[in-house]
Amino acid sequence: MSRIVIIALLAFCCLSSTVRAQETLIPRPQKMEVRPGAFPFDKLSLAGGDKTNEAHYLETQWRSILEKKPSRGDGKGTVKLLLEPSKGDHPEAYKLLVHAGGVEIRSSSSTGVFYGVQTLLQLLEEHRHEASLPYLEITDYPRFGYRGMHLDVCRHFFSVEEVKHFLDYIAAYKINKFHWHLTDDQGWRIEIKSHPKLTRIGAFRERKPFDGDAQKTADSTVYGGFYTQDQIRDVVAYAASLHIEVIPEIEMPGHAQAALAAYPELSCTGGPFSVGVNWGVMKDIFCPKEETFALLEDVIDEIIPLFPSSYIHIGGDEAPKDRWKACAHCQALIKKEELKDEHELQSYFITRMEKYINSKGKKIIGWDEILEGGLAPNATVMSWTGIEGGIQAAKSGHDAIMTPASHVYFDYYQGNPQTEPLAFSADLPLEQVYSYNPIPEALTDEEAKHILGTQANMWTEYIPNFKQVEYMLFPRLMALAEVAWGTSNPTSYKSFEDRVVSQFKLLDRKNIHYSKAIFEVVGEASRDADKLNYTLSTRKDPLSIRYTRDGSEPQEKSFVYKDVINVGDATLIKAAYFENGKKISHTINQHFVHSKATGKPIQLAEAPHANYAEGGAAALVDGILGSRAVHKKHWLGFIRKDVEATIDLQNVDTIASVGVSVLENKGIGAHYPASITVLTSTDNQTFRTVKTLMVEEIRKADGFVKLAITPQKARYVKFVVKSSGKIAAGNPLEGTDSWLFVDEITLD
Ligand SMILES: [Zn+2]
């Protein structure tokens, strides 16, 4: 072999290992240089004398990846974990070096060493087939000091073992904060010795069909569970060994129904209450009485020694003021403290608890509603309803943690609801998480220093068991990790997705349940002037997509997807991805309608809510049916108003059938309208009522209302869709305003 060929081969080998190593690590390191050469696995050994927690961790994980224990060199070993003081280093920084002498991980902190170990484990996993590690040098550190993951154990309960698995998963991606949502309307989950009823009563609720398998009691009619203080200490210590800080959340003044079920005297009305069984926002909240503060202070006194974190999260979100408005004590307190209203009373509540918590040497975090009525002096804001809370906090000199629902709510769908298990009815695909930049553009560099970092939230209303927690966590955790580490690059999302796919091997071997939504075909329907288009995409070769236009299941011999589909008069397009003649994705369906109303001018008397206005009025006559599971796309949403839509057929025509789609999803407060009235006119002045349909008939039609009417001449057709108003008692979100969602209108 000539020297030139050898050099070329060497170059190829090094280039390919560079590419591979770069492609697999998540989060991507700040700096990485791959060099010629590789160190064989069989020469890897751990220093015999290294008894540190990190060495022990490496040993255990090593075994699970390479299916054998690393040898322990009697002396130094070839894998060295080196804790060495250095000046000016980022406290979590590390260096990882693979060279002819073996592997060195250096850091000034055990946390940095731990992250070096995590990176090494991913490299071992990736290179297990060649059984050697490429020579390389990694210099790495996180952008944000707060890289958080939240878990709601109230809506559904998870055992100590399951919580530890959760911690293992997040530690592997260098997440360093665990926000443990311990109390809510549907369960109080932490033992408080001075007030045993909090768990004896508050930890168990009437069992419902959606409740999962975490049955912590012999009584099959109740669901629940709680952690003893010993178990809490055990979890906190376990987290600490993974360099994760646990931040407990005790909700106040809202989301308190489980506590009020145990101690109804702490409410405004005196109760009685039962532990919540429905999801949503409950009206009965803590009344700011002395007895309430006394109990909450006792709770804090017991919480503090259990959690070394400097933070206690006190909730502060979704506290309706109805009871406070009607309560003599609350009103007297507002007067006595010279407060403006109930929002300032909430601020008084939070500030008073903050003072107590500060006096014990701890700080509070609260959801962004704690800004209403004035922010407690030292509070850190967790911005969830959007990014505004974070901006407002940072601008006023407060710290903020960014957890906007739009980018990091892991209870939302990861893909098409047709192919994903039931979730909260909103979308959050992997790419959307990856696109997130936690620093809002509105902040100056100085203000941006108050953004501590970001966190994803795992609310568990629709997550009844731990397998489903895994599913909702993966792979989105990987995107969160890279965003929080600060090495994400949304413009190269595809290469991130490739790294995610290579990480799936590890998830498979660990038997972790995860979403394969990124392998599904994605369909996007749109209207372009008079034409309906349907675009299909996949992370692989789009030419391998097959589709049908007649409602039949796609086969290998069906239409090959080449470019945007001209929908024409098709009413249903089905598509799937094929490989070697076999369908390997789910089939996705898109319905289209064609009627005299399609594409015609339409006027709305009142605009839809800004969050549900995509496509504007024209969305109601665009010929595209929105998904009934996710009401964001193609649906228009209205709150506190009726819908009045007038279609102009542009010519007088005969109408014999009218149709409209409406949506009901009680979990999110979306209800069928009270009635739908159809009116016609030839001049847009005088309208004649043709038909009124009441809610019972709308429900019978499952929201797809289609009515035959006496054939009549008309140019203008008006739909008046009446909101059902406040949500009736016994429903989730009872007493709040209902949402009205409207989609496609048809006229024939
Ligand atoms: Zn009260």
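None of the values given here were measured: they were computed from a predicted structure. (Residues numbered from 1 in each chain as written. Predicted model: local features only at pLDDT ≥ 70, side-chain atom pairs only at ≥ 80, totals over all residues. Heavy atoms only, no water.)

Draft legend 1. Summary view of the pairing of strand β29 (residues 588-591). Residues Ile 588 and Gln 590 of β29 are buried on one face, while the alternating residues Asn 589 and His 591, pointing to the opposite face, are not. As paired elements, strand β27 (residues 572-579) and β29 share four bridges and run antiparallel to each other. Following the sheet pairing, Leu 572 is matched in β29 by His 591. (Buried < 20%, exposed > 50% of the residue type's maximum accessible area, 1.4 Å probe, protein only. Helix = DSSP H or I, 4+ residues; strand = E, 2+ residues; numbered from the N terminus. Pairing = 2+ DSSP bridges.)

Draft legend 2. Molecular detail of the domain arrangement of the protein. By the assigned domains, the protein splits into domain 1 (3-140), domain 2 (146-506), domain 3 (520-591) and domain 4 (602-747). Listed as interface residues are twelve residues of domain 2 and, on the opposing side, twelve residues of domain 4. At the boundary of domain 2 and domain 4, one finds zero salt bridges. Counting across the domain 2 and domain 4 interface gives one residue pair in polar contact (both at pLDDT 80 or more). For the side of domain 2 that touches domain 4, the leading source of residues is strand β20 (residues 424-427), giving four residues. Class assignment for the residues of the side of domain 2 that touches domain 4 results in seven nonpolar, three polar and two charged. (Domains from an automatic or database assignment. Contact = heavy atoms within 4.5 Å. Salt bridge = Lys/Arg side-chain N within 4 Å of Asp/Glu carboxyl O. Polar contact = N/O pair within 3.5 Å; in protein donor to acceptor, adjacent residues only side chain to side chain. Nonpolar A, V, L, I, M, F, W, Y, C, P; charged D, E, K, R; others polar.)

Draft legend 3. Spotlight on the sheet that holds strand β8 (residues 146-152). Around the barrel, which closes on itself, the eight strands sit in the order β8-β9-β14-β15-β16-β17-β18-β21 with parallel pairing between neighbours. For this sheet, the mean angle separating the axes of adjacent strands, direction not counted, is 30°. Bridge analysis of strand β16 (residues 363-367) against strand β17 (residues 380-383) gives three bridges, and the strand direction is parallel. Residue pairing for β17: Trp 367 is matched across the bridge by Met 382. Running at roughly 150° to β16, helix α11 (residues 342-359) makes contact with β14 (245-252), β15 (311-315) and β16 of the sheet. (Axes fitted to C-alpha atoms, helices over the stretch in contact; angles between N-to-C directions.)

Draft legend 4. Inspection of helix α6 (residues 229-241) at higher detail. The terminal C-alpha atoms of α6, which comprises 13 residues, lie 18 Å apart, in line with the 18 Å expected from a rise of 1.5 Å per residue. Those residues of α6 not exposed but buried are Gln 229, Ile 232, Val 235, Val 236 and Ala 239. For α6, the angular spread of the buried residues around the axis is 120°, confining them to a single face. In this fold, the buried residues of α6 make contact with α4 (160-171), β9 (177-181), β14 and α8 (290-303). Positive phi appears at His 243, one or two residues downstream of α6, with a value of about 60°. (Expected span 1.5 Å × (residues − 1). Arc of directions from axis to C-beta.)

Draft legend 5. Highlighting the sheet that holds strand β26 (residues 565-566). If you trace the three strands from one edge of the open sheet to the other, you get β22-β23-β26, paired in antiparallel fashion. Looking along the sheet, the strands with just one partner apiece sit at the ends: β22 (522-528) and β26. Both β22 and strand β23 (residues 531-537) contribute to a ladder of seven bridges, which runs antiparallel. Considered in β23, the bridge of Ser 526 is made with Asn 533.

Draft legend 6. The nonpolar core, seen in detail. Formed by 168 residues in total, the largest nonpolar core has its most connected members in Leu 96, Leu 124, Met 149, Phe 178, Trp 180, Phe 307 and Phe 474. Three or more residues apiece are contributed to this core by two domains, here domain 1 (3-140) and domain 2 (146-506). If we ignore the near neighbours within four places in the chain, the residues touching Phe 178 are Met 149, Leu 151, Val 163, Phe 166, Leu 167, Ile 170, Ile 244, Glu 245, Val 246 and Ile 247. Formed by 33 residues, the second largest nonpolar core is a distinct cluster that contains Leu 604, Val 643, Val 717 and Leu 747. (Core = buried A, V, L, I, M, F, W, Y, C linked by side-chain atoms within 4.5 Å.)

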